[in-house]
Amino acid sequence: MFTLETILRPHILSLTPYSSARDEYTGKEGIFLDANENALGSTTSTNYNRYPDPYQWAIKERLAPLKGVRPEQIFLGNGSDEPIDLLIRATCTPEKDSVLIMPPTYGMYEVSANINNVPLIKVPLTPDFQIDLPEVLAAIQPDTKLLFVCSPNNPTGNLIDRQSMLTLLEKFTGLVVVDEAYIDFADAGSMTALLDRYSNLVVLQTFSKAWGLAALRLGMCFASAALIRVLNKIKPPYNISAPTQELALEALSHVTQKEEMVAKLLAERAILTEHLRSLPLVQQVYPSDANFLLVRFDRPGGPDAKTVFDYLISRQVIVRDRSKVKLCEGCLRITVGTPHENSQLLDVLHQMMVPVQSYS
Ligand SMILES: *Cc1c(COP(=O)(O)O)cnc(C)c1O
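None of these values were measured; they are calculated from a predicted model. (Residues numbered from 1 in each chain as written. Predicted model: local features only at pLDDT ≥ 70, side-chain atom pairs only at ≥ 80, totals over all residues. Heavy atoms only, no water.)

Engineer: Got a minute to help me understand the UniProt feature "domain: Aminotransferase class I/classII large" (unreviewed entry) in the protein in this structure?
Structural biologist: UniProt's feature table lists "domain: Aminotransferase class I/classII large" (unreviewed entry) at residues 42-348, given in the numbering used throughout. Here residues 42-348 is 36% helix and 15% strand, with 49 Å between the C-alpha atoms at its ends. (UniProt positions renumbered as here; feature names shortened; annotations may be inferred. Helix = DSSP H or I, 4+ residues; strand = E, 2+ residues; numbered from the N terminus.)

Engineer: Quick question: what am I supposed to make of the UniProt feature "modified residue: N6-(pyridoxal phosphate)lysine" (unreviewed entry) in the protein here?
Structural biologist: Those residues carrying the UniProt feature "modified residue: N6-(pyridoxal phosphate)lysine" (unreviewed entry) are K209 in this numbering. With respect to the secondary-structure elements, K209 resides in the loop between β6 (201-206) and β7 (219-222). Dropping the residues within four chain positions of it, K209 is found in contact with A181, Y182 and F185. A distance of 3.1 Å separates a polar atom in the side chain of K209 from a polar atom in the side chain of Y182. (Contact = heavy atoms within 4.5 Å. Polar contact = N/O pair within 3.5 Å; in protein donor to acceptor, adjacent residues only side chain to side chain.)

Engineer: In this structure, what is going on with the domain arrangement of the protein? I would like to understand it.
Structural biologist: Interfaces are often described in size by the accessible area the parts lose on coming together. Assigned domains of the protein: these are domain 1 (4-253) and domain 2 (256-353). Placing a centre on the C-alpha atoms of domain 1 and another on those of domain 2 gives a separation of 30 Å. Each side of the interface is counted separately: domain 1 has 20 residues, and domain 2 has 20 residues. For the domain 1 and domain 2 pair, buried surface summed over both sides reaches about 1600 Å², with 67% attributable to carbon and sulfur atoms. (Domains from an automatic or database assignment. Buried area = accessible area lost by both parts, 1.4 Å probe.)

Engineer: Can you help me understand the site of the ligand in this one?
Structural biologist: Not every one of the 14 residues close to the ligand is listed here, only the nearest: Y182, T206, S208, K209 and R217. In this structure, an oxygen atom belonging to the ligand sits 2.6 Å away from a side-chain N or O atom of Y182. Compared with its free state, where it exposes 390 Å², the ligand has 94% of that area covered by protein. In the shell around the ligand, the residues fall into five nonpolar, five polar and four charged. (Near = heavy atom within 4 Å. Areas by Shrake-Rupley, 256 points an atom, 1.4 Å probe, with all protein chains shown as cover. Nonpolar A, V, L, I, M, F, W, Y, C, P; charged D, E, K, R; others polar.)

Engineer: Explain empty space enclosed by the protein to me, please; I cannot follow it from the model alone.
Structural biologist: Within this structure, the stated rule accounts for one cavity of 30 Å³ or more. Its volume calculated, the largest cavity comes out at about 50 Å³. What lines the largest cavity is simply M102, T105, L125, I131, F148, V149, C150, N153 and I160. Grouping the constituent residues of the lining of the largest cavity by class yields seven nonpolar, two polar and no charged. (1 Å grid on protein atoms, 1.4 Å probe; cavity = no way out; pocket = protein on both sides within 12 Å on 5 of 7 lines; lining within 4 Å. Points joined across faces, edges and corners; volume = space filled by probe spheres on them.)

Encoded structure:
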């Protein structure tokens, strides 16, 4: 059975967190001489001389109804990378406890485990990019603490079968972390709906993709209130800056604009898919539930993926080469761009097939 006590590292369980000035007095009015800030102001046109809310309550109050969770079930991080790292650090004793991932998938889970010197168990996805349940269940060790599932998966673009995730939530006694960075582009609801049913479920989302705020560095983590309290205990006290908090609040008051952008990108994804499929260079365009396409080149007699990649670069079109990644052999990952960018990509691919005669 899952309990927080059994999966947290013992010293984390008993840790006394840093108590910031803003923890000890939470009132808004007063003469603030408690945090060694510069009372005169800032060197910028807007004042940023005061430390921000360490728990970002204003954002969480807005986000909670949008996501169907309680504010206490939300953690905000400096990108999704921060909760990924904190989850590993909270649960895994280096060189002992392990993390399980299912490649091909997002690279940060492995990097973060490596940084923390935490053993990694890799169980490849099936050839149709789904969870290999029997293999995963067999690979789980008594000290496996975390299991990362990416749905829709990066770089393959597909949703992971919901029933497989439910089986893992039922059978695995550690945390099942479902990374939903691309969920806004998918034809499926979020796993956040199941948070009250599974105390071992963690859902990651981000402002970097559908919201168009990659430069802001703001990731969302949804989990039980008890686990969120643990993450709050071990995070850097002021991990989300005041400008980031202000811009996130602004973004949250423009939900319709986000949805309009998502609709446009989905329409573009369909058009781009169709055009790519008609190209003789292209062997396969995988169906996508994200804002990118996994495209297989390497057609017999045609140029291989690396050659296509290099040609695109030479024409200043930059895509992601995944051709050396297991199960993605011969594939490039292509982000859906603006209509103009997408048609330029297609133009360049056409030019690659029809070498222009030189006049010299
Ligand atoms: C892009 C992406 C993220 C977002 O990371 P941030 O640090 O929030 O920008 C998270 N997970 C996956 C799988 C991604 O592809």
